[in-house]
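Structure at a glance
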Amino acid sequence: MIGIVDSGLGGLKTCFTLREKHPETSFIVLADQKNAPYGDKTRDEIYEIAYRNIKWFKERGIHEVIVACNTVCSTVLDELQKEFPDMKLYNIISATLEELKKKRYKGIVVLATAATTRSMKYENGLKGIFPGRKVYPVAPKELVPLIESGASSKEIEDLLKGYLADYQGKADAVLLGCTHYPLVSKEIKKALPVKQYDPNDAIEKTVSFHQDENPSLEVYTTGNPRLTSWQIFKLFHEDVEVKGI
Ligand code: DGL
């Protein structure tokens, strides 16, 4: 069984994307919706939350966890990996930077949370990969709360138009640097009609997927299980019984 953790719907998006390609693998997802959004928190707050979540998997005997959260990966994952040396914590940012080496983008908008943007992990990594090319960091801080609360497509598109207007004609790609953003890729495309890179594609290439005889899916939330179950049905059209922790 492979663990997946995030502050909420982003990790679920990662899970359903991976499950489509690897239906033979069992997954256990922890959606830490009580603490969402992570992106506005300090490094210490993020560490404390992420530590607790990884420990939760360890206590359940899960030793491989996809940290489907750019915010955690960009700030505290190296330290966490040292705290849990017997666990494999998959880092979505390292996987993405590796894959982006194959791309020939001329100018790339890195759309991410405030904490990920502040860490400069993507910015520095991309400048190393694409010397002489433009990297434009953009942190739309209202976006994750809007996605979590089920805001309308129009509301999201209007917000994004404000953030992305300056990059028309400058950027030829957008990096979806937060796992929540593939859920609004259409709205992002309307605001800035260029190619997009989804880090879930990179994660898919890095993980060693298991062949389970009876593959299962378990979903836990620190929020309201009935609400999460409804969100899963609305977004991914699957009936999943969500448990609270
Ligand atoms: N989905 C997460 C990320 O990839 C966290 C978003 C948030 O809670 O702010 O960064």
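Residues numbered from 1 in each chain as written. Predicted model: local features only at pLDDT ≥ 70, side-chain atom pairs only at ≥ 80, totals over all residues. Heavy atoms only, no water.

Attention now moves to the pairing of strand β9 (residues 217-221). By the criterion of burial, β9 is predominantly enclosed, with four of the five residues buried. In this sheet, β9 lies alongside strand β2 (residues 27-31) in parallel orientation, the contact comprising five bridges. The residue bridging Val29 from the neighbouring strand is Val219, located in β9. When β9 meets strand β10 (residues 242-244), the two strands line up parallel, connected through three bridges. Residue pairing for β10: Thr221 is matched across the bridge by Gly244. Regarding the hand of the β-α-β motif, the stretch spanning β9, helix α12 (residues 225-236) and β10 is right-handed. (Buried < 20%, exposed > 50% of the residue type's maximum accessible area, 1.4 Å probe, protein only. Helix = DSSP H or I, 4+ residues; strand = E, 2+ residues; numbered from the N terminus. Pairing = 2+ DSSP bridges. Right-handed = clockwise from strand over helix to strand, strands pointing away.)

The next thing to look at is the pattern of salt bridges. Counted according to the given criterion, the structure contains 13 salt bridges. Between Glu79 and Arg43 there is a salt bridge, with the nearest N and O atoms lying 2.5 Å from each other. Of this pair, Glu79 sits in helix α4 (residues 77-83) while Arg43 sits in helix α2 (residues 43-59), and the two are 36 residues apart along the sequence. What emerges from the salt-bridge pattern is a single network uniting Glu99, Lys102 and Lys205. (Salt bridge = Lys/Arg side-chain N within 4 Å of Asp/Glu carboxyl O.)

Any functional reading would require information that these geometric values do not contain.
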